[in-house]
Amino acid sequence: MSAAAADRDYNALSEDDFRREVRAFVEAEYPPHLRYILHRARWREMKDWWRKLDAKGWIAPNWPREWGGMALDAGKMVIYLEELERHGVARPPDQGITQVGPLIMRFGTGAQQEHYLPRTRSGEYIWCQGYSEPNAGSDLASLQTAAVLEGDHFVVNGQKIWTSLADDATHIYLLARTDRQAKKQQGISFLLVDLKTPGITLRSIRNLAGHEEFCHVFFDNVRVPRANLVGALHDGWTVAKALLGFERLGIGSPRRPQYALNRLEAVARAKGLLDDPGFLDRYIALRLDIEDGAALYGRFVEQVKRGEPLGPDVSMLKIWTMETWQRLTELLIEAGAEQGVIAGVQDAGGVEADFLNPFYYSRPATIYGGSSEIQRNILAKYVLKLPS
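A quick note: this is a predicted structure, and the numbers were derived from the prediction, not measured.

Caption draft 1: Representation of the pairing of strand β9 (residues 345-348) in the model. Only one face of β9 is covered, namely the one carrying Q346 and A348; the face carrying V345 and D347 has none of its residues buried. Across four bridges, β9 lies against strand β10 (residues 351-354) in antiparallel orientation. Bridge assignment links Q346 to a residue of β10, and that residue is A353. The loop that links β9 with its antiparallel partner β10 comprises two residues; one of these, G349, has a positive phi angle of about 65°.

Caption draft 2: Broad picture of the pairing of strand β2 (residues 146-150). Sheet topology note: the β2/strand β3 (residues 153-160) ladder contains five bridges and is antiparallel. Pairing of A147 across the sheet is with V156, part of β3. The loop that links β2 with its antiparallel partner β3 comprises two residues; one of these, G151, has a positive phi angle of about 65°.

Caption draft 3: Molecular detail of the environment of L332. Within the element layout of this structure, L332 appears in helix α11 (residues 315-336). Spatially, the C-alpha atoms of L332 and Y283 are 9.9 Å apart, while their sequence positions differ by 49 residues. Setting aside residues up to four positions removed in sequence, L332 forms contacts with R263, L264, V267, D354, F355 and P358.

Caption draft 4: Representation of the nonpolar core within the structure. By size, the foremost hydrophobic cluster in this structure holds 50 residues, and its most contacted members are Y80, F190 and L192. Of all the elements in the fold, those that place two or more residues in this core are α2 (15-29), α3 (43-56), α4 (74-86), α5 (95-107), α6 (110-122), β4 (171-177), β5 (188-194) and α7 (236-240). A per-element tally of this core places α3 first, with five residues. Looking at which domains feed residues into this core, each of domain 1 (3-92) and domain 2 (127-236) gives three or more. In contact with F190, other than residues within four places in its own chain, are V100, L103, Y131, Y173, L174, L175, N228, L229, V230, G236, V239 and A240. By size, the runner-up hydrophobic cluster in this structure holds 26 residues, among which are L273, V351, F355 and Y361.

Caption draft 5: Molecular detail of the packing of α2 against α3. Between α2 and α3, the shortest axis-to-axis distance is 12 Å and the interhelical angle comes to 145°. Crossing of α2 over α3 shows right-handed handedness. Of the residues in α3, those in contact with F25, V26 and E29 of α2 are W49, K52, L53 and K56. A per-class count over the contact of α2 with α3 returns four nonpolar, no polar and three charged.

Caption draft 6: Just the pattern of salt bridges, in detail. Throughout the structure, instances matching the rule amount to 24 salt bridges. Between E334 and R282 there is a salt bridge; the shortest N-O distance is 2.9 Å. Linking E334 in helix α11 with R282 in helix α10 (residues 277-305), this pair joins segments that are 52 residues apart in sequence. The network of salt bridges with shared partners includes R19, R23, E27, E82, E83 and R86.

Caption draft 7: Here's a closer look at the packing of helix α9 (residues 255-271) against α11. It is the contact of α9 with α11, at a shortest axis distance of 9 Å, that shows an interaxial angle of 20°. As judged from the angle between their axes, α9 and α11 are roughly parallel. Our pair here, α9 against α11, has a crossing hand that is left-handed. Residues R256, P257, A260, L261, R263, L264, V267 and K271 of α9 lie in contact with α11, whose contacting residues are T321, M322, T324, W325, L328, L331, L332, A335 and G336.

Caption draft 8: Just empty space enclosed by the protein, in detail. Tallying each qualifying case throughout the model produces one cavity of 30 Å³ or more. Taken together, G252, P254, P257, D289, I290, G293, A294, W320, T321 and T324 make up the full set of residues lining the largest cavity. Mapped onto the lining of the largest cavity, the elements with two or more residues apiece are α10 and α11. At four residues, the largest contribution of residues to the lining of the largest cavity is made by α10. Its residues placed into classes, the lining of the largest cavity shows five nonpolar, four polar and one charged.

Caption draft 9: How the structure looks around helix α13 (residues 372-383). Taking 1.5 Å as the rise per residue, α13 with twelve residues should run 16 Å; its terminal C-alpha atoms sit 15 Å apart, in good agreement. Looking only at α13, the buried set comprises S372, Q375, I378 and L379. Buried positions in α13, seen along its axis, are confined to an arc of 115° and lie on one side of it. Of the exposed residues in α13, the ones pointing more than 90 degrees away from its buried face are E373 and N377. In the segment just after α13, K385 is the residue with positive phi, at about 60°.

Calculation notes
Residues numbered from 1 in each chain as written. Predicted model: local features only at pLDDT ≥ 70, side-chain atom pairs only at ≥ 80, totals over all residues. Heavy atoms only, no water. Buried < 20%, exposed > 50% of the residue type's maximum accessible area, 1.4 Å probe, protein only. Helix = DSSP H or I, 4+ residues; strand = E, 2+ residues; numbered from the N terminus. Pairing = 2+ DSSP bridges. Contact = heavy atoms within 4.5 Å. Core = buried A, V, L, I, M, F, W, Y, C linked by side-chain atoms within 4.5 Å. Domains from an automatic or database assignment. Axes fitted to C-alpha atoms, helices over the stretch in contact; angles between N-to-C directions. Left-handed = near helix turned anticlockwise from the far one by under 90°. Nonpolar A, V, L, I, M, F, W, Y, C, P; charged D, E, K, R; others polar. Salt bridge = Lys/Arg side-chain N within 4 Å of Asp/Glu carboxyl O. Parallel < 35°, antiparallel > 145°, perpendicular 65-115°, else oblique. 1 Å grid on protein atoms, 1.4 Å probe; cavity = no way out; pocket = protein on both sides within 12 Å on 5 of 7 lines; lining within 4 Å. Points joined across faces, edges and corners; volume = space filled by probe spheres on them. Expected span 1.5 Å × (residues − 1). Arc of directions from axis to C-beta.

Written as structure tokens, this is what we have:
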């Protein structure tokens, strides 16, 4: 990254000027063949784009400038993300930037910050998240992967599942139980682990769309230096939940359903379905649902811009957006008729459309990031104050 990029204060720009600058760069530099791709982007596809962003000083928009970030305030951060979404920029394996990097800044030691942050920003270290387990998904506090402290090392045994792009990663940040006698949310610690450490085995999981973007990760007497503990021993739950509200805001972006709506409208026009009153009623209802979701998203974005923390009511956004997305992909399959059940890109009246891929990708949307059932419980308990 150039010294000029490190010294620049993007927050001094007007919102319009900043938006124009981001849009111009993305349109000029982002690879056209990677726009609106229908699979999770892999490191081999995104590494050149990552390096362009890093060279410009834009790979870490949420990081402070002393660590090579753009130090964007909440309003500029939203604009940055909106412009990437508008252009169909695929999300790289960026959990090091969006999740573990900020956690290390907040909870990590000086030595951890000096070691991990520059390597994460440059792409030398690519991270995956070791949270979910076969019997601990939405109820994450039930996790059983154990880390037993022996001298200067933890000995980790257990397994993680649905670990996104673990086979692209060099490192994993994981939650492990360090005190089995404590209550569920207590006795958990947050560890940083090099995936080359002996005793770690990755097994790819193929999804219905034929992609292997998830992994099962096994830990067999894996020795992790105590120096890789982030935060206090047994207090990993505090570390892990620090970003949950913002994760729900990101998941609740109207980008996914809006893209599905665009595909649906293109197919419907090509096939004359907008002249069918029954189809039109369902299409308009879904379009209004997206408008409602976008308005709700805007409300939470404004809250972030004001510097206010997101509360439990952000769960509404995740429920509404993900369930609307699923209904859209179901109608897209119906619009495809006999083509709707054929895998791959189809020619629908002169419009290219993949009917099954969006449907497959929307299925787990009401599970990951906290299932709809868990989100409804959160709203009932903490927002509506209903009795348990």
